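Breakdown of the fold
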Amino acid sequence: MKNKEIRKLFLTLIFFSLSGGIYYNFQEVWLAENGLSVSTISVVYSLCALITVSSIFLCSNIIKQNKIKKFACIFLFIKSICILGLFLLNNSGLNIIIKFLIMLDYALDVEIYACVYPMISLITKNDKIYAARGLTYSFMYYLGVAISALCLGRIIGNFVINNNLYVLLGAILSFMALIVLLTTDVNKYNKNEKSERNLLFKLLNKIKQDKISIMYLISALVGQISYSCILGMQISLLVNLYGLTSKIASMVYLVLGISASLFGFIVLWKLTFKNNYVNISIKLLGRVIIYLLAFIFNKNFLYVLALIYPAFTGESHTHIIDAPYINRYEDKYQLAFCNLKDMTTYLGKSIGVLLCGIGIRYGIRYIFVFAFVFVLIQLILCYVCLHLRNKEAREVQL
């Protein structure tokens, strides 16, 4: 990444994701300390997801290509103020305001991340940079999780590190991300195309005629359903299936997350095969086989493998499976398509988590049946999408 502005955008992403890892890791505990029950917290998070989908839809229509940085800065500023407000409201008893700020922050967080690659794509469109963006976010997020887990409760002088301090650190790091973004000049790369209204609706009209995009979005939906069947309630699965304590389960989650990020970087720069059918098979065909074996033989070691494999490969091969389909769209549609893909995956996540809960309640084997069916569909669709994209590339060359 020789371009200075791209480096600044990645530095913005580093501060932003580190903030999330530190701030969100113990957010549920912080809410409980402020008198919210488990059922209330779950309702708040459900509303967060609902508001997020709505905000993504709204932002897709109001944010124009030449205004992406401006909106991202505004969102980062409001997010920083929201988190700072939560820090100040700790143990205030003003839970209505706390719940509102939690939901607002969640919606802003998703949209800020969605803005990052469209800003990068104004400078250059690159499948590897798209993948590096996701890997950087994941690695720094899990680093933040590790820092918060290792430091909680430690005493420095007469000062005890607690959950509310992490809220303050989250606000500070978000503000640092804002400062870096303000110094980034992406507008000079803007092609000064006329801004258009209702981009999402226009994009949907384009997609109706685009078989590749339709099949890609369906594959993203079923892929997220399958992934969330296994990992949507990872902590609960580890606790219920193996009797691990919540702390040990959290450490397993952390190790898998960091390992997945590191493996993703290795795949991106060193282990990508020339044949993309092979790359897709490594990530998805392996899951198909393991889920099926876990269901048929009903052995604990296969359950463990079925948990580890998707987690370990979760961050890899996005430059093969996702980036080419994002980069097919011109700059003015880039954010709208990224948002549409995010809406699709959030829907898939909600369905997958629901199926995971059913599996935990009625029998672990059902989880692997659900996961197997959906990942098999994803695998087939990814093969078909790759075939159609290769055919499209050959026709363009002619």
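Below, the structure is looked at part by part. (Residues numbered from 1 in each chain as written. Predicted model: local features only at pLDDT ≥ 70, side-chain atom pairs only at ≥ 80, totals over all residues. Heavy atoms only, no water.)

Although it is not a glycine, Asn298 sits at a positive phi angle of roughly 55 degrees. As for its position among the elements, Asn298 is in the loop between helix 12 (276-297) and helix 13 (300-312). Of note in the backbone geometry, His317 takes a positive phi value of approximately 65 degrees without being a glycine. Take His317: it is sitting in the loop between helix 13 and helix 14 (318-321). The class of His317 is buried, set by a relative accessible area of 2%. (Helix = DSSP H or I, 4+ residues; strand = E, 2+ residues; numbered from the N terminus. Buried < 20%, exposed > 50% of the residue type's maximum accessible area, 1.4 Å probe, protein only.)

Over its 21 residues, helix 4 (residues 68-88) runs 30 Å from end to end, which matches the ideal 30 Å to within 8%, given 1.5 Å per residue. By the burial criterion, the buried members of helix 4 are Ile68, Lys69, Ala72, Cys73, Phe75, Leu76, Lys79, Ser80, Cys82, Ile83, Gly85 and Leu86. (Expected span 1.5 Å × (residues − 1).)

This paragraph deals with a nonpolar patch on the surface. A surface patch of nonpolar side chains, about 710 Å² in accessible area, is lined by Ile74, Phe77, Ile78, Ile81, Leu84, Leu88, Phe175 and Ile179. Put simply, the parts of the chain that give the nonpolar patch at least two residues each are helix 4 and helix 7 (163-182). When residues of the nonpolar patch are assigned to their parent elements, the largest contribution, six residues, is made by helix 4. Take Leu84: it is sitting in helix 4. By relative accessible area, which is 32% here, Leu84 ends up partly exposed. (Patch = residues over 30% accessible without salt bridge, like charges linked within 9 Å, V, L, I, M, F, W, Y side chains within 5 Å. Areas by Shrake-Rupley, 256 points an atom, 1.4 Å probe, with all protein chains shown as cover. Salt bridge = Lys/Arg side-chain N within 4 Å of Asp/Glu carboxyl O.)

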